[in-house]
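# A structural walkthrough
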Amino acid sequence: MNTATDRVTGRIHSWDLSTGVDGPGTRFVLFVSGCPLRCLYCANPDTWHMRDGRRVSVDEVMEEIDKYRGFITTAGGGVTLTGGEPLLQPAFTAAVLRRCKEAGLHTALDTSGFLGARATDELLADTDLVLLDIKSFDTGTYRKLTGGELAPTLDFATRLDRLGVPMWIRYVLVPGWTDDLRRVDALARFVAGLGMAERVDVLPFHKLGAAKYDALGIPFPLRDQPVPDTAMIERVRARFREHGVAAC
């Protein structure tokens, strides 16, 4: 037990296991409650509010991780904190990351970067990989799409690069919103300038979370929005590659 973290608590929505989508290998994924953004395509509206989460201690989280430790390490994985937005609860997130590093587990932080200023250098030193969501490279589109501002995310990306923290950039492709190739080119140039950005994951917009909106009694803003076809997805990935950026 680490006396610096054993009394820290936070609010979480749930945890799960995943392979190939939340960092390398098989991951124990912790969904932290609360998010300051309201992305129109959000698949997890049930994680928006901290008040809806379950309060747990870091010890409880580690006890659950320990149940799967052998499995995730054998599969080349680790632990990913996502949400919601983990940096809305920076002390809790930092404590979980610290304990995971002490346990020899690979750590990943999935974040929009909007609250990147809340991440201390110590928190980032315990983070092996940041999955950084850059939701648009146009300030106006970003504001309409998320309700937030783009600049904090770009500042965070630059800081991660300076600190030597590896990044996978995530870009959700939404027809009519984030498929403008001029904006894709601009983002690709930015990412190409980040030495620690290992790749870009172009993630096609989907509607798998629509039932959650129905259950919560709130409208799903992009319910009638078409999903991208294979040609559009490959076209956008190709633009990143043209700038020397690995794209998946």
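Above this text is the structure in question.
Read on for a plain summary of the structure. (Residues numbered from 1 in each chain as written. Predicted model: local features only at pLDDT ≥ 70, side-chain atom pairs only at ≥ 80, totals over all residues. Heavy atoms only, no water.)

## What to know about helix H2 (residues 90–102)
The criterion, for reference: Strands are runs of DSSP state E lasting at least two residues, helices are runs of H or I lasting at least four, and both sets are numbered from the N terminus onward. A helix is expected to span 1.5 Å multiplied by its residue count minus one. Any residue under 20% of the maximum accessible area for its type is buried, any over 50% is exposed, and the rest in between are partly exposed; the area is computed with a 1.4 Å probe on protein chains only.
Taking 1.5 Å per residue, 13 residues should reach 18 Å; H2 reaches 18 Å between its end C-alpha atoms and fits that length. For H2, every residue scored as buried is listed here: Phe92, Thr93, Ala95, Val96, Leu97, Arg99 and Cys100. Gly104 occupies a position one or two residues after H2 and carries a positive phi of about 80 degrees.

## Description of the pattern of salt bridges
Formally: One side-chain nitrogen of Lys or Arg within 4 Å of one carboxyl oxygen of Asp or Glu is enough to make a salt bridge.
Inspection of every chain in the model, using the stated rule, returns 17 salt bridges. Between Arg98 and Asp126 there is a salt bridge, with its nearest N and O atoms 2.7 Å apart. With Arg98 in helix H2 and Asp126 in the loop between helix H3 (121–125) and strand S6 (129–133), this pair connects stretches of sequence that are 28 residues apart. Residue classification places Arg98 among the partly exposed positions, given a relative accessible area of 31%. Judged by its relative accessible area of 9%, Asp126 is buried. Taken together, the salt bridges that share partners define one network made up of Arg98, Glu102 and Asp126.

## Details of the environment of Ser14
Threshold: Pairs of residues are marked as contacts when any of their non-hydrogen atoms sit within 4.5 Å. Definition of a polar contact: a pair of N or O atoms within 3.5 Å, with one able to donate and the other able to accept a hydrogen when the atoms are protein atoms, and with sequence-neighbouring residues admitted only if both atoms are side-chain atoms.
Secondary-structure assignment places Ser14 in strand S1 (residues 9–19). Spatially, the C-alpha atoms of Ser14 and Ser33 are 8.6 Å apart, while their sequence positions differ by 19 residues. If near-sequence neighbours (up to four positions away) are discounted, Ser14 is found in contact with Val29, Leu30 and Phe31. Side-chain polar atoms of Ser14 contact the side chain of His13, separated by 2.8 Å.

## What about the packing of aromatic side chains?
Under the convention used in this document: Stacked, edge-to-face and tilted are the three classes for Phe, Tyr and Trp ring pairs, Trp counted by its six-membered ring, which pair at centre distances within 6.5 Å; planes under 30 degrees apart are stacked, over 60 edge-to-face, the rest tilted. Comment: the charge-over-ring label is applied if NZ (Lys) or CZ (Arg) is within 6 Å of the ring centre and within 35 degrees of the ring normal.
Taken as a whole and judged by the stated rule, the model has 6 aromatic pairs. Centroid distance Trp15 to Phe28: 5.9 Å. Interplanar angle 40 degrees. Geometry classified as tilted. Taken together, the residues span a long stretch of sequence, with Trp15 in strand S1 and Phe28 in strand S2 (residues 26–32) at a distance of 13 residues. Residue classification places Trp15 among the partly exposed positions, given a relative accessible area of 26%. Residue Phe28 is classed as buried on the basis of its relative accessible area, which comes to 1%. Arranged with centres 6.1 Å apart and planes meeting at 80 degrees, the rings of Trp48 and Tyr213 form a pair that is edge-to-face. Taken together, the positions of Trp48 in the loop between S2 and strand S3 (54–57) and Tyr213 in helix H7 (residues 210–216) put the pair 165 residues apart, joining distant regions of the chain. Taken individually, Trp48 and Tyr213 each receive the classification buried, so the pair is uniform in this respect. The ring of Trp15 has Arg54 sitting right over it, with the charged end atom 5.5 Å from the ring centre. Taking NZ or CZ as reference, Arg199 lies 3.7 Å from the ring centre of Trp168, over its face.

## Digging into the sheet that holds S2
Pairing between the strands of a sheet comes from backbone hydrogen bonds, and it takes one of two forms, parallel or antiparallel. As a reminder of what qualifies: Two strands qualify as a pair provided DSSP detects at least 2 bridges between them. Between N-to-C directions, angles span 0 to 180 degrees; the directions come from axes that are lines fitted to C-alpha atoms, helices contributing only their stretch in contact.
Pairing is mixed in the open sheet, where 8 strands are placed in the order S3-S1-S2-S4-S5-S6-S7-S8. The strands lining the two open edges of the sheet, one partner per strand, are S3 and strand S8 (197–204). Taking the axes of each pair of neighbouring strands and ignoring which way they run, one obtains an average angle of 30 degrees across the sheet. Contacting strand S5 (106–111), S6 and strand S7 (167–173), helix H5 (residues 151–163) runs over the sheet at an angle of about 160 degrees to S6.

## Considerations on the layout of surface pockets
Defined as follows: Method remark: on a 1 Å grid restricted to protein atoms, a set of points is classed as a cavity if a 1.4 Å probe fits but cannot get out and as a pocket if it is open with protein on both sides within 12 Å along at least five of seven lines; lining residues have an atom within 4 Å of a point. Grid points are joined across faces, edges and corners, and a volume is the space filled by probe spheres set on the points. Under the scheme applied, nonpolar residues are Ala, Val, Leu, Ile, Met, Phe, Trp, Tyr, Cys and Pro; charged residues are Asp, Glu, Lys and Arg; polar residues are all the others, including Gly.
Size it by volume and the largest pocket reaches roughly 1000 Å³. Mapped by element, the contributors of at least two residues to the lining of the largest pocket are S2, S5, S7 and S8. Tallying contributions element by element places S8 first for the lining of the largest pocket, with 5 residues. Across the lining of the largest pocket, the residue classes tally to 18 nonpolar, 11 polar and 9 charged.

## Overview of the pairing of S5
Walk down a regular strand and you will see the side chains alternate between the two sheet faces. As a reminder of what qualifies: Consider the strands pointing away from the viewer: the crossover is right-handed when the path from the first strand over the helix to the second runs clockwise.
Among the 6 residues of S5, 5 are classified as buried, and the element is accordingly described as predominantly covered. Remark: the strand S4 (residues 78–82)/H2/S5 crossover connection has right-handed handedness.

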